[in-house]
Amino acid sequence: MPNSHQQCSSNIPVPLLDVGRGNSVIRDEVLAAIAEVYDSGRFLHGPQVTDLENYLAARCHSKFAVGCASGSDALLLALMALDIGPGDEVIVPSFTFFATASCVSRLGAKIVFVDIDPRTYNIDPNAVEAAITTRTRAIIPVHLFGQSAALTEIVKIASRNDIPVIEDAAQAIGAAYHGRPVCSWGQMGCISFYPTKNLGGFGDGGMLTTDNEQLADRLRLLAGHGMRPRYYHSEVGINSRLDTFQAAGLLVKCRHLDHYTLARQTNAQRYFELFHEAGLDGARGFDDLTLPYVDPAAFHVWNQFSLRIPFGRRDALRTYLQQSQIGCEIYYPVPLHEQTCFRRLGYATGSLPHTEAAAREILHLPIYPEMRPEEQTRVVSQVASFFRANCRAVA
Ligand SMILES: Cc1ncc(COP(=O)(O)O)c(C=O)c1O
C-alpha cells in the first residue's frame, strides 16, 4: 500500500471547487424537476417555491421562510422590513463578503464596523457591545466560513439593548450553535444559494427565515414591489423573487444536504489528520501555520477551510500552490472598512487589527463535498513542502 507521501507524488490539478462533480450525480433528478417546471409554465410563484420555503423553515427551526432573488437581497429586505434608514446605525463585521454591509449603505443608514474574534474570524461580541449607541437598529453577525458566530452572547447583548439580530447565514446553511440551527436565533436569518454555498443553486437565489408572522408578511410584500393586491402599492418594495426553476433544482439538492454537510465535515477532519501527520498542526513542527479553530459549541459546516500563515508568507504559499495547480483563494483580501467605497466612513488602517491581520494572513483550501482523499493528500503535501523550504521549525 502506498503511504500518503507516495500518493502525493502525482501531479493532478486540484480545483478549488468543481460544481460539476456533485451536479453530475443528481443530473437526472434535477433535469426531471426542471422539466416539470418547464411543462407547468409556472416559472414564478410555482409550488416548488413554497415547498422549498417550508423545507427550509423546518430545517432552520423557524416558523416562516420567504424566498428571494439572492442572499444580498435577503439582507436588504431584512433591513427594509425593520424600516432601517438614514440616522440609523447597523453593526456588522468588516471581515465578511461585501453584501453584509452594502445593504446598510443602500438604505442610507450608517455602517458600524466591528472587529472579529481572531480564532473564529466571527464578529466579537465584546466589540459589538462596545459599538452599541442609542441609534443602533440592528446587529448582523455573519456565520463565516460555515461556523456559527457566538450567538448566545450576541443574542443576550442584543436583547438587553432591545436591538434586532439579523443572521447572515449565507455560508452556513445547516450549521448550529449549542445544537440550535443558525437562522433560528435572530429576528431574521438570511441564506444564499449562490453556487459556491453549501446549498448551492443553479444561479442566484436567497431565502429569509423568521418566527414573526408580521415580519414574514412584510418581507413577502417588500420582495414583491410592495404590491398587494395586484397593481396597488402600499410600500416601495423591490422585485426579488426566487424563480421556480431554482426552487425545483434546490429541492433536489435539499434531499442530499445532510450528505453534503457530512462530506465537508469528513474532509475537514481529514485535513486535520493530514496536517498532523505532516507535522503542520501548529502544536509542533512549524509555529507559523494555524489550522481552523472550531468553537466547541459550533456545529461547523465547513463552507471554507482556512489556513493562517503570518509573517508575510501567505501570498508566497498561494503562488506556490497555484504553480502546483492547486486551487486556493483568499476570503477576503481587503476588509470592508478599507474598501474604496467605504473609505468615507473614516476607519483608519489599524482600527480593526484582528480583521486586518486575518485579511493579510488567511488562505483557503478546497473542501467541497466531492473532493477526493488523494486530492487532499496532495494539497497537504504541497503545503508541507512549502513550509519545509520556507519556514522555520519550532525548536
Ligand atoms: C457572508 C455573505 N453574505 C452575503 C452573501 C450574498 O449572497 P448572494 O451572493 O446570494 O447575493 C454572501 C455570498 O455571496 C456571503 O458570503
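Being a predicted model, the structure only gives us computed values, none of them experimental. (Residues numbered from 1 in each chain as written. Predicted model: local features only at pLDDT ≥ 70, side-chain atom pairs only at ≥ 80, totals over all residues. Heavy atoms only, no water.)

Within the secondary structure, Arg344 sits in the loop between helix 12 (314–323) and helix 13 (353–361). Residue classification places Arg344 among the exposed residues on the basis of a relative accessible area of 60%. (Helix = DSSP H or I, 4+ residues; strand = E, 2+ residues; numbered from the N terminus. Buried < 20%, exposed > 50% of the residue type's maximum accessible area, 1.4 Å probe, protein only.)

Moving on to the sheet that holds strand 1 (residues 64–68). Read from one edge to the other, the open sheet built from four strands follows the order 1-9-8-5, with strand pairing classed as mixed. Here the strands that pair on one side only, and so sit at the sheet edges, are strand 1 and strand 5 (166–168). Each strand axis lies, on average, 20 degrees off the axis of its neighbour in the sheet, ignoring direction. Across three bridges, the pairing between strand 5 and strand 8 (residues 188–192) is parallel. Directly across from Ile166, in strand 8, lies its bridge partner Met188. Against the sheet, helix 5 (residues 71–81) touches strand 1, strand 5, strand 8 and strand 9 (206–210), its axis set at about 160 degrees to strand 8. (Pairing = 2+ DSSP bridges. Axes fitted to C-alpha atoms, helices over the stretch in contact; angles between N-to-C directions. Contact = heavy atoms within 4.5 Å.)

This part takes up the sheet that holds strand 2 (residues 89–93). What the three strands build is an open sheet, ordered 3-2-4; its pairing is parallel. In this open sheet, the two edge strands, each paired with only one partner strand, are strand 3 (110–114) and strand 4 (136–139). Mean inter-strand twist for the sheet, computed between neighbouring axes without regard to direction, equals 30 degrees. Bridge count for strand 2 against strand 3 is five bridges, and the pairing is parallel. If you follow Ile91 over to strand 3, its bridge partner there is Val112.

Its domain assignment divides the protein chain into domain 1 (4–23 + 256–328 + 366–390) and domain 2 (25–254). Inter-centroid distance (C-alpha atoms) of domain 1 to domain 2 is 29 Å. One can count one salt bridge joining domain 1 with domain 2. Asp258 is paired through a salt bridge with Arg59; the nearest N and O atoms lie 2.7 Å apart. Joining domain 1 to domain 2, the criterion identifies 26 residue pairs in polar contact (both at pLDDT 80 or more). Where the side of domain 1 that touches domain 2 is concerned, the elements lending two or more residues are helix 2 (19–25), helix 11 (257–277), strand 10 (298–299) and strand 11 (305–308). (Domains from an automatic or database assignment. Salt bridge = Lys/Arg side-chain N within 4 Å of Asp/Glu carboxyl O. Polar contact = N/O pair within 3.5 Å; in protein donor to acceptor, adjacent residues only side chain to side chain.)

Moving on, we come to the pairing of strand 8. Counted residue by residue, strand 8 has five buried out of five residues, so it is predominantly covered. Of the two faces of strand 8, the one holding Met188, Cys190 and Ser192 and the one holding Gly189 and Ile191 are both buried throughout. When strand 8 meets strand 9, the two strands line up antiparallel, connected through four bridges. Pairing of Cys190 across the sheet is with Leu208, part of strand 9.

Turning to helix 12, a few remarks are in order. Structural remark: α-helix, 3.6 residues per turn; residues separated by three or four positions point the same way. Buried residues of helix 12: Arg314, Leu317 and Leu321, and no others. Buried residues of helix 12, viewed axially, fall in a sector of 60 degrees; they line one side. Taken from the residues just after helix 12, Gln325 is the one with a positive phi, measuring 60 degrees. (Arc of directions from axis to C-beta.)

The next subject is the site of the ligand. Taken together, 17 residues are adjacent to the ligand, and Gly71, Ser72, Asp168, Ser192 and Lys197 come closest. Between the ligand and Gly71 there is a distance of 2.8 Å, counted from an oxygen atom to a backbone nitrogen or oxygen. Within the side chain of Ser192, one N or O atom sits 2.6 Å away from an oxygen atom of the ligand. Per-class residue counts for the shell around the ligand are seven nonpolar, eight polar and two charged. (Near = heavy atom within 4 Å. Nonpolar A, V, L, I, M, F, W, Y, C, P; charged D, E, K, R; others polar.)

Counted under the stated rule, the structure contains three cavities of 30 Å³ or more. By volume, the largest cavity amounts to about 150 Å³. In this structure, the largest cavity is lined by 16 residues; those nearest its centre are Lys197, Lys253, Arg264, Pro369 and Glu370. For the lining of the largest cavity, the elements supplying multiple residues, two or more each, are helix 2 and helix 11. When residues in the lining of the largest cavity are grouped by element, the largest group, three residues, is from helix 2. Here the residues of the lining of the largest cavity are counted per class, giving six nonpolar, five polar and five charged. When residues of the lining of the largest cavity are assigned to domains, at least three fall in each of domain 1 (4–23 + 256–328 + 366–390) and domain 2 (25–254). (1 Å grid on protein atoms, 1.4 Å probe; cavity = no way out; pocket = protein on both sides within 12 Å on 5 of 7 lines; lining within 4 Å. Points joined across faces, edges and corners; volume = space filled by probe spheres on them.)

A few words on the side chain of Thr210. Residue position: Thr210 is located in strand 9. On the accessibility criterion, Thr210 (2% relative accessible area) is buried. If we skip the residues at most four places from it in the chain, Thr210 touches Ser62, Lys63, Phe64, Gln187, Met188, Leu215, Ala216 and Leu219.

Here helix 14 (residues 373–390) is 18 residues long and its end C-alpha atoms lie 26 Å apart, about the 26 Å a rise of 1.5 Å per residue gives. Within the span of helix 14, buried status applies to Glu375, Gln376, Thr377, Arg378, Val379, Val380, Ser381, Gln382, Val383, Ala384, Phe386 and Phe387. (Expected span 1.5 Å × (residues − 1).)

The geometry of helix 3 (residues 27–40) relative to helix 10 (residues 244–254) is characterised by a closest axis approach of 9 Å and an angle of 150 degrees between their N-to-C directions. One way to sum up the angle between helix 3 and helix 10 is to call them roughly antiparallel. Crossing of helix 3 against helix 10: the hand is right-handed. On helix 10, the residues touching Glu29, Val30, Ala33, Ile34, Val37 and Tyr38 of helix 3 are Thr244, Phe245, Ala248, Gly249 and Val252. For the contact of helix 3 with helix 10, a count of residues per class yields eight nonpolar, two polar and one charged. (Parallel < 35°, antiparallel > 145°, perpendicular 65-115°, else oblique. Left-handed = near helix turned anticlockwise from the far one by under 90°.)

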